[in-house]
Amino acid sequence: MIELFLPESESTDQLGQALALTRPAQAVVHLQGDLGAGKSTLARALLRALGVQGSIRSPTYTLIERYPLETGEAWHLDLYRIGNAGELDFLGLDEGAADLWLVEWPERGTGGLPPVDLVVALEIDGHGRRGRLHAHSEEGHAWLERLRQSPHLQGVFAP
């Protein structure tokens, strides 16, 4: 696990960039936290760092936004408005179709999502945010190790 303090929005952007620069070729990321904790901000920063141009919309109402990447496609899902995992069938999600899954409110899709590699839990802490990154697969553990070595994290975030 990695614990971080993100004192300002630029820190969240830096975390997104570090995640993008160290990510595996295929990954499923669960973004957890209350409303306003910074899940969409982090997803937007990660997608920008992966080269996504133009508008990066929150999938609050569409449930899913798809973004082309150099190597394939990223999906950003917001499951806040679904009642159960069965509703995911209507989105036409094919587990192998996306290289990167960024899933907000993943607990609402339990049983209908591919296995998670990395969980990023965010919470408001004073004027900043606290982040906890947990690996849930071999690839997730390798990703965390790359993050620990990343110059984008070293010296920037207080543990």
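Keep in mind the model is a prediction, meaning the values are calculated, not measured.

1. Observations concerning the overall build of the protein
Scanning the protein from N- to C-terminus turns up 3 helices and 7 strands. Helices and strands appear in the protein in the N-to-C order β-α-β-α-β-β-β-β-β-α. In terms of overall dimensions, the protein is globule-like: its C-alpha atoms have a radius of gyration of 15 Å, near the 15 Å expected for 159 residues. Its C-alpha atoms put the protein at 45 × 35 × 30 Å along the principal axes. Burial status across the protein gives 48% buried among its 159 residues. The contacts in the protein between residues at least 6 apart in sequence include a share of 65% that link residues at least 24 apart. Of the accessible surface of the protein, which amounts to about 7800 Å², a share of 49% is contributed by carbon and sulfur atoms. Averaging the locations of the 13 positively and 22 negatively charged side chains of the protein gives two centres separated by 5 Å.

2. Observations concerning unusual backbone geometry
For L63, which is not glycine, the phi dihedral falls at a positive 75°. You can see L63 is positioned in the loop between helix 2 (39–49) and strand 3 (64–69). L63 sits in the buried class, given a relative accessible area of 17%. In the Ramachandran plot, W105 falls in the positive-phi region, its phi being about 55° despite a non-glycine side chain. By the element assignment, W105 lies in the loop between strand 5 (100–104) and strand 6 (118–125). Given the relative accessible area of 12%, W105 is considered buried.

3. So, the pairing of strand 1 (residues 2–6)
Judged by which residues are buried, strand 1 turns out to be one-sided: I2, L4 and L6 face inward and are buried, whereas E3 and F5, on the alternate face, are not. Sheet topology places strand 1 next to strand 7 (residues 128–135); 5 bridges connect them, and they run antiparallel. The partner of E3 across the bridge, within strand 7, is R132.

4. Thoughts on the sheet that holds strand 4 (residues 72–78)
Strand order in the open sheet formed by 7 strands is 1-7-6-2-5-4-3, and the pairing between neighbours is mixed. Every other strand in the sheet has two partners, leaving strand 1 and strand 3 as the edge strands with one partner each. Here the average twist between neighbouring strands, direction ignored, is 15°. The pairing of strand 2 (residues 27–32) with strand 5 spans 5 bridges and is parallel. Bridge assignment links L31 to a residue of strand 5, and that residue is E104.

5. Structural notes on the packing of aromatic side chains
Under the definition given, this model contains 2 aromatic pairs. Consider the rings of Y80 and W105, whose centres lie 4.9 Å apart with planes at 55°: the pair is tilted. Within this pair, whereas Y80 is found in the loop between strand 4 and strand 5, its partner W105 is found in the loop between strand 5 and strand 6, the two being separated by 25 residues in sequence. Residue Y80 is classed as partly exposed on the basis of its relative accessible area of 31%. Over the face of the ring belonging to W75 we find R66, whose NZ or CZ atom lies 4.8 Å from the ring centre.

6. Overview of the packing of helix 1 (residues 9–22) against helix 2
When two helices pack together, you describe them by how their axes are tilted relative to each other and by the distance separating the axes. Where helix 1 meets helix 2, the closest approach of the two axes is 7 Å, and the angle between their N-to-C directions is 50°. By the angle class used here, helix 1 and helix 2 are oblique. Here helix 1 runs over helix 2; the crossing is right-handed. Seen from helix 1, the contacting residues are T12, D13, L15, G16, Q17, L19 and A20; seen from helix 2, they are T41, L42, A45, L46 and A49. For the contact of helix 1 with helix 2, the class distribution of residues is 7 nonpolar, 4 polar and 1 charged.

Here is what the cut-offs are and how they apply
Residues numbered from 1 in each chain as written. Predicted model: local features only at pLDDT ≥ 70, side-chain atom pairs only at ≥ 80, totals over all residues. Heavy atoms only, no water. Helix = DSSP H or I, 4+ residues; strand = E, 2+ residues; numbered from the N terminus. Rg over C-alpha atoms; globule rule 2.2 N^0.38 Å. Buried < 20%, exposed > 50% of the residue type's maximum accessible area, 1.4 Å probe, protein only. Contact = heavy atoms within 4.5 Å. Areas by Shrake-Rupley, 256 points an atom, 1.4 Å probe, with all protein chains shown as cover. Lys, Arg positive; Asp, Glu negative; His and termini not counted. Charge placed at Lys NZ, Arg CZ, Asp CG, Glu CD. Pairing = 2+ DSSP bridges. Axes fitted to C-alpha atoms, helices over the stretch in contact; angles between N-to-C directions. Phe/Tyr/Trp six-rings, centres within 6.5 Å; stacked < 30°, edge-to-face > 60°. Lys NZ or Arg CZ within 6 Å of the ring centre and 35° of its normal. Parallel < 35°, antiparallel > 145°, perpendicular 65-115°, else oblique. Left-handed = near helix turned anticlockwise from the far one by under 90°. Nonpolar A, V, L, I, M, F, W, Y, C, P; charged D, E, K, R; others polar.

Keep in mind these numbers describe shape, not what the thing actually does.
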